Amino acid sequence: MMGRRWFGMDGRQFASGVLVVSMALLAVPSHAGPKNGVIGVINGGGNPELGKADAKTMCIVCHGADGISPVNGFPDLAGQWPQYLLKELHNFASKKRDDPLAKGTMIDAVKTIHGETEMQDLVAFFSSLAPPKAKPVPTKTKDLAMWKAGKNIFYGGIRATDVPACEACHSATGAGIPPEFPRLAGQNKTYLVEQLTYFHDGTRANDPNGIMRDIAGRLDKQEILALATFIPTLSGGAPTTRLPASQRR
Ligand code: HEC
Ligand code: HEC
């Protein structure tokens, strides 16, 4: 995958991204998978039972008891990699992530978490839940065309504007690659549009080396909508960088 063309086309542009990717690949234990148990090992000791009790009073009103958000446009947390969840909570706490939606929601919600141990328990709880299911592929002609356009970008990038394939970092199944690259599979469309737009505008600026700001900065509104139409239909599954063409949905 390092030989993928657009990574090579402008060495400097994506050098930092590629470095992070290769480090992440080295860090993926051979047994890593999105189904948990394994995650308990990676996650470094948070207690999901205690986290569940805390989440009940502090988080589930917005993120759901099963980690699937009842509010359209709020993220599903279920099955997300624990290292990513923990990083985001630290970023909200330090206001490094303070995009327009975070203001008045997470910036306040993190203040209710009492210390690092409680934060790790919450993370252990949400990451242990069954991830969101793949949404059905749209059937209306116009939506299906959007979906196909999104699929092409996800697996092939956009050569003309140097947009890399999303699968390089988020995995061909959308499962992400821990520790840095979050799971996207099954995530809700509205949330994806919001976050890609925030990265595009630079109002979300907590991505390492500005990777996502660089990529989303090259996407226009239609491309963002196309990606947000395709990504929720991904099933997740074990992180992998390439899938045989026959298995790509
Ligand atoms: C008032 C509603 C609300 C409450 C309460 C709330 N959240 Fe959130 N949460 C949000 C919203 C909205 C976002 C997206 C913020 C953004 O756009 O940056 C979010 C984002 C997150 C993210 C980042 C997810 C990602 O994919 O990047 C994490 C982690 C998170 N919340 C955990 C929690 C935890 C743990 C609690 C309980 C202590 C909690 N939230 C309570 C609304 C809420
Ligand atoms: C070079 C690696 C890389 C590539 C390629 C990449 N991403 Fe990302 N992406 C990241 C990283 C790292 C983060 C986590 C940012 C952070 O730490 O908050 C991320 C975060 C995201 C998020 C936010 C997830 C959340 O839960 O809030 C979305 C959405 C996203 N990427 C979509 C995409 C799409 C769509 C593409 C393809 C056009 C893409 N990414 C390509 C590295 C990459």
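This text follows the structure it describes.
The text that follows walks through the structure, step by step, so that each part is easy to find. None of the values given here were measured: they were computed from a predicted structure. (Residues numbered from 1 in each chain as written. Chains lettered and ligands numbered in written order. Predicted model: local features only at pLDDT ≥ 70, side-chain atom pairs only at ≥ 80, totals over all residues. Heavy atoms only, no water.)

1. Some points on the coordination of the iron atom of ligand 2
Link 1 in the chain: The protein atoms donating to the iron atom of ligand 2 are H170 (NE2) and M212 (SD), with metal-donor distances spanning 2.0 to 2.2 Å.
Link 2 in the chain: Taken together, the 6 donor atoms coordinating the iron atom of ligand 2 span angles of 86 to 178° at the metal, a pattern that classifies the geometry as octahedral. With H170 in helix α10 (residues 167-170) and M212 in helix α12 (residues 211-216), this pair connects stretches of sequence that are 42 residues apart. For the pair formed by H170 and M212, the shared burial category is buried. (Donors = N, O, S within 2.8 Å, 3.2 Å for Na, K, Ca; no water. Tetrahedral: all angles 85-135°; square planar, octahedral: opposite > 155°, others 65-115°. Helix = DSSP H or I, 4+ residues; strand = E, 2+ residues; numbered from the N terminus. Buried < 20%, exposed > 50% of the residue type's maximum accessible area, 1.4 Å probe, protein only.)

2. Some thoughts on the coordination of the iron atom of ligand 1
Between any two of four tetrahedral donors, the ideal angle at the metal is 109.5 degrees; between two of six octahedral donors, it is 90 or 180 degrees.
Link 1 in the chain: Ligation of the iron atom of ligand 1 by protein atoms is provided by H63 (NE2) and M106 (SD), these donors lying 2.0 to 2.1 Å from the ion.
Link 2 in the chain: Around the iron atom of ligand 1, the 6 donor atoms sit at angles spanning 86 to 180°, and that spread fits a shape best called octahedral. One end of the pair, H63, is in helix α5 (residues 60-63); the other, M106, is in helix α7 (residues 106-109), and 43 residues separate them in sequence. M106 carries the same exposure label as H63, and that label is buried.

Everything listed here is a matter of geometry and, on its own, says nothing about what the molecule does.
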